[in-house]
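Letter by letter, the chains look like this.
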Amino acid sequence: MSFLELKNVTMKFGGVTAVDKMSLNINKGEIFALVGPNGAGKSTVFNIISRLYEQNGGEIFFDGRSLNKLKAFHISRVGIARTFQNIELFGNATVLQNLLVGTNTRKTSNMFSEIVFTRSVRDAEVANRIDVEEIMDFLNLQPYRQKYIMGLSYGTRKIVELARALVLKPKLLLLDEPASGLSAEETVDLAFWIEDIKKIMGITILMVEHNLNLVNKVADRVAAIVDGKVVRVGSPKEVQSDPKVIEAYIGA
Amino acid sequence: MRITFKTSYDPDINLFKDSIHKFQYIFLLFFSAILPFFLDDYYLGEIALILIWSIAGMGLMVLVGHSGQVSLGHAAFMAVGAYSVIILQIKLGLPFLIALPIAGFLSSLLGILIAIPTAKLHGIYLAILTLAVSILVEDIIVLAEPLTGGVNGIFAPDIEIFSVNFNRYGNIDRLYWLILFFTTLLVIIYKNILRSPLGRSFAAVRDSEISALAIGVNVARVRTVAFAISCFITGIAGAFFGHFVTVFNYETFNVVLSINLLLMIVIGGLGSIHGAFFGAIIVGVLPILISLSRDRFLDGLGINLMNFPGLETGLFSLILILFILFEPFGIYGRWLKIRTYFQLFPLYRKDMFKRQKSYLKTERVR
Ligand SMILES: Nc1ncnc2c1ncn2[C@@H]1O[C@H](COP(=O)(O)OP(=O)(O)O)[C@@H](O)[C@H]1O
Ligand SMILES: [Mg+2]
């Protein structure tokens, strides 16, 4: 069984079928990219995996278990973290605070010990900071440590969102258009980071990306999605030279 | 400009970021504690009242400023606190120190009862619902006459703690110290919440529910917890308010009070404990200023402000409008800017705070 498996997943919004009986298999340790025109249903797939949407049909399995019964806030606990296409950070908080929220899933303290701020809460806070600091070093976020999100550039915010996802220590990382809005240099950095996340941290990555340079550089396999259906799965080269895929892009 | 070099994570986590900061607040507390030796009973009473408003403001701030949920009915939670503490003291003969937390918990319970079914309501819908609940609470108070005294109201007994007596008219200085003690305690609790995982989950729920979910925050639960804590603190404020005014009825906790509480924290500055205090100071000082100017100045000109019954509320609203237009971060926001100006002088840039936007944003377009 593959690491992440979508089986005949369907999602309808009123009359629109955003995802149409889609099946996909993602293997452990690979970088898998979804490409396809706008409105193809790529983000909807992410939202279904994150349980933000409840699909109309089909089932999703992750690491051998069905995700169907889980709630959205359980997903990070089974080992799936994500970023959003239109950055969803906590805007009125600092970078540090944003990343620290990611450590909440590991907390063992209860409300009352937090109100008293017991020794163990304090020790846990120090440990959380060590975790977060490691990720900040990895993504060069140290200069922004105490900066508020709303004062940061778009590119930096994207990286902060990636960092926040990594703080969860996921097994699977979903990246929704990680390079959109990044400058050329930022995109180069991103490519290295994505490869390191796979190689050093051992995290499987499923990403939606329009930047084909980035896809060609990092992706092991690619699926082309058109109108909620998988048109072709294969290596980046194979998919880009498939006539059906080319037609869909020109037609769109 | 003061630069703190950090060699461990402790300054990040501590209540005070450095010793100067710590000294400032300890001085403030000391200064507040010796006020009864300088002020006469009238002004001391007014300051005790400001502390009560600060507690109520902190209660509402947890909800609105930190978890991003609006309540237009927080007077109801003050009412539950005020009536509970007094009924528990009179009818059950409980000592004040036991009745007080129970009153807080009862208020908290009402908050939870509201929060659970409304977990999906946001912004204006939640505001309207809390408003409706507060009107309902007023009715229940009238109906529950045997307990609450109905329309006639209820008298607060004196507070006795280890046979020390506290009474507004007999010994306002003791009552003031008691309130100051609990205010300090609640500030510390509030600070602890903000620096622990709970406080971060509040900010997460406030700023983006969907990413809070994706990051493992149980949004519905956090929203309920925010209600519970908010209503607990507000209930405590109500309990002290009841003992402060000594006699009150259902009308004391009407919708106007709820609105004033909300205006208070918006003017003070949403999202900070300071904001609750600044707002309370405005609420407390404004009537004094109005009456002073009436006595000293306007009467001499032959203008009689008694003819304008809604003057305080009107002025208050005017200040609010000015703040929303020119300083959405409230008095605390303005204070931060002034402080930064002096700390960085002469390097301050005019646009330094330009990117910041206000956030009475409780509803997101998904
Ligand atoms: N919450 C929603 N309500 C209604 N329609 C939606 C919603 N989310 C997505 N859609 C529709 O589903 C389709 C796929 O959208 P999306 O998954 O965002 O595409 P992509 O990410 O591939 O650009 C679009 O037609 C979009 O309008
Ligand atoms: Mg998309």
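Cut-offs applied
Residues numbered from 1 in each chain as written. Chains lettered and ligands numbered in written order. Predicted model: local features only at pLDDT ≥ 70, side-chain atom pairs only at ≥ 80, totals over all residues. Heavy atoms only, no water. Donors = N, O, S within 2.8 Å, 3.2 Å for Na, K, Ca; no water. Helix = DSSP H or I, 4+ residues; strand = E, 2+ residues; numbered from the N terminus. Near = heavy atom within 4 Å. Polar contact = N/O pair within 3.5 Å; in protein donor to acceptor, adjacent residues only side chain to side chain. Areas by Shrake-Rupley, 256 points an atom, 1.4 Å probe, with all protein chains shown as cover. Salt bridge = Lys/Arg side-chain N within 4 Å of Asp/Glu carboxyl O. Buried < 20%, exposed > 50% of the residue type's maximum accessible area, 1.4 Å probe, protein only. Contact = heavy atoms within 4.5 Å. Buried area = accessible area lost by both parts, 1.4 Å probe. Nonpolar A, V, L, I, M, F, W, Y, C, P; charged D, E, K, R; others polar. Phe/Tyr/Trp six-rings, centres within 6.5 Å; stacked < 30°, edge-to-face > 60°. Lys NZ or Arg CZ within 6 Å of the ring centre and 35° of its normal.

(A) Molecular detail of the coordination of the magnesium ion (ligand 2). Taken together, the protein ligands of the magnesium ion (ligand 2) are Ser43 of chain A (OG) and Gln85 of chain A (OE1), with distances of 2.0 Å. Here Ser43 of chain A is found in helix H1 (residues 42-49), whereas its partner Gln85 of chain A is found in the loop between strand S6 (80-82) and helix H3 (95-101), with 42 residues between them in sequence.

(B) Inspection of the site of ligand 1 at higher detail. All names here are of chain A. The environment of ligand 1 is made up of Phe13, Ala18, Asn38, Gly39, Ala40, Gly41, Lys42, Ser43, Thr44, Tyr53 and Gln85. One nitrogen or oxygen atom from the side chain of Tyr53 is found 3.0 Å from a nitrogen atom belonging to ligand 1. For ligand 1, whose accessible area on its own is 560 Å², the fraction buried by protein is 63%. Tallying contributions element by element places H1 first for the shell around ligand 1, with three residues.

(C) Fine view of the pattern of salt bridges. Residue and element names in this part refer to chain A. For the coordinates displayed, the defined rule picks out 18 salt bridges over all chains. Note that Asp220 and Lys198 form a salt bridge whose closest N and O atoms lie 3.0 Å from each other. Of this pair, Asp220 sits in the loop between helix H8 (212-218) and strand S9 (221-226) while Lys198 sits in helix H7 (residues 184-199), and the two are 22 residues apart along the sequence. On the accessibility criterion, Asp220 (32% relative accessible area) is partly exposed. Among the ionic contacts, a cluster of salt bridges with common partners joins Arg106, Asp131 and Lys169.

(D) The arrangement of the interface of chain B and chain A in detail. Listed per partner, the contact involves 37 residues of chain B and 42 residues of chain A. Where chain B abuts chain A, roughly 3400 Å² becomes buried across the two surfaces, and 61% of that area is made up of carbon and sulfur atoms. There are one salt bridge connecting chain B and chain A. Residue Glu125 of chain A is joined to Arg200 of chain B by a salt bridge in which the shortest nitrogen-to-oxygen separation is 2.8 Å. At the surface where chain B touches chain A, the tally comes to twelve residue pairs in polar contact (both at pLDDT 80 or more). Ranked by residues supplied to the side of chain B that touches chain A, first place goes to helix H9 (residues 197-207) of chain B with eight residues. For the side of chain B that touches chain A, the residue count by class is 18 nonpolar, nine polar and ten charged.

(E) Expanded view of the packing of aromatic side chains. All names here are of chain B. A complete count under the given rule lists 16 aromatic pairs over all chains for this structure. The rings of Trp53, Tyr83, Phe241, Phe248 and Phe253 are connected pair by pair, giving a single aromatic cluster. Residue placement shows Arg168 over the ring face of Phe244; its charged tip is 4.0 Å from the ring centre.

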